[in-house]
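# Descriptive structure summary
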Amino acid sequence: INRVLDGNTDAFGVLVKRYESRVKALAWNITGNPEDAMEVSQDTFLQAFRNLDRFDTERSFKSWIMGITVKRCLDRFRKQKGFLNLLQRVSMEHPQSREDVKPVEESPIFHPLWKKLNHKQRTALSLQINENFTAREIGDVLSCSENQARVILFKARQKLKIALGNAGETFPVKNNTGIKPEVSP
């Protein structure tokens, strides 16, 4: 980051290479479309490059770039007047293998449950499960406090717990917030 700020624009390529697959995966999870995800990814890195001088080096670059990605996705939905589509998409089946990212439609059990969450809840869970973000980092991305992020995560899990209780399934969740690690009926 400092090299880019010092005028070495080629050094930005290192940041792109490091975060590109994660940005695309998150964008694909939110948009549900690989072409839209590619455009959002390009917009994200372009905005990051243009605004790198505003980046607070005390914060995590990963949180900052993911926050830009979420905002670019939301802007895209607003521009396309397809904001309701956001409420029907978001998931990642293989968080460790970014090349294996699949649209949410390929998960017949998870998709109906995921639709019950609002976009902030899905984004928060996606960042926690797929990117291993802490509540503080999720708060940074969603522009809210760490405690608000914890509440969003808690409410999302509660909604899933109720839905899973009706479906008779279980849903494993990571335990970064002190919440019971597996929700079951």
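Criteria and thresholds
Residues numbered from 1 in each chain as written. Predicted model: local features only at pLDDT ≥ 70, side-chain atom pairs only at ≥ 80, totals over all residues. Heavy atoms only, no water. Core = buried A, V, L, I, M, F, W, Y, C linked by side-chain atoms within 4.5 Å. Buried < 20%, exposed > 50% of the residue type's maximum accessible area, 1.4 Å probe, protein only. Helix = DSSP H or I, 4+ residues; strand = E, 2+ residues; numbered from the N terminus. Contact = heavy atoms within 4.5 Å. pLDDT = per-residue confidence, 0-100. Phe/Tyr/Trp six-rings, centres within 6.5 Å; stacked < 30°, edge-to-face > 60°. Axes fitted to C-alpha atoms, helices over the stretch in contact; angles between N-to-C directions. Parallel < 35°, antiparallel > 145°, perpendicular 65-115°, else oblique. Left-handed = near helix turned anticlockwise from the far one by under 90°. Nonpolar A, V, L, I, M, F, W, Y, C, P; charged D, E, K, R; others polar.

## Thoughts on the nonpolar core
Core analysis: the largest hydrophobic core is formed by 42 residues, its most contacted members being F61, I65, M66 and I138. Residue assignment for this core shows that the elements contributing at least two residues are α2 (12-31), α3 (34-50), α4 (61-80), α7 (119-131), α8 (135-142) and α9 (146-167). With 8 residues, the top contributor of residues to this core is α4. In contact with M66, not counting residues within four places along its chain, are R22, V23, L26, L127, E131, F133 and V141.

## Some remarks on the confidence of the model for the chain
For the chain, per-residue confidence averages 74 on the pLDDT scale, and residues scoring 70 or more make up 69% of the total. Low pLDDT, under 50, characterises residues 82-107; the stretch is placed with 62 contacts to residues that sit more than four places away or in other chains. Low pLDDT, under 50, characterises residues 168-185; the stretch is placed with 40 contacts to residues that sit more than four places away or in other chains.

## Thoughts on the environment of K155
Inspection of the secondary structure assignment puts K155 in helix α9. It is 7.7 Å that separates the C-alpha atoms of K155 and Q121, two residues lying 34 residues apart in sequence.

## Remarks on the packing of aromatic side chains
Tallying each qualifying case throughout the model produces 6 aromatic pairs. Ring geometry for F55 and F61: centres 5.6 Å apart, planes at 80°, overall edge-to-face. The exposure class of F55 is buried, given its relative accessible area of 8%. On the numbers, 5.1 Å between centres and 50° between planes, the contact of F55 with W64 is tilted.

## Regarding the side chain of T44
Assignment of secondary structure puts T44 in helix α3. T44 has contacts with V23, I65, I68, T69 and R72, leaving out every residue within four places of it along the chain.

## Things to note about the packing of α7 against α8
At a closest axis distance of 10 Å, the pairing of α7 and α8 adopts a crossing angle of 135°. Comparing their axes, α8 and α7 come out oblique. Viewed along their axes, α7 and α8 form a crossing whose handedness is right-handed. Touching K120, T123, A124, L127 and Q128 of α7 are I138, V141 and L142, all from α8. Its residues assigned to classes, the contact of α7 with α8 comprises 5 nonpolar, 2 polar and 1 charged.

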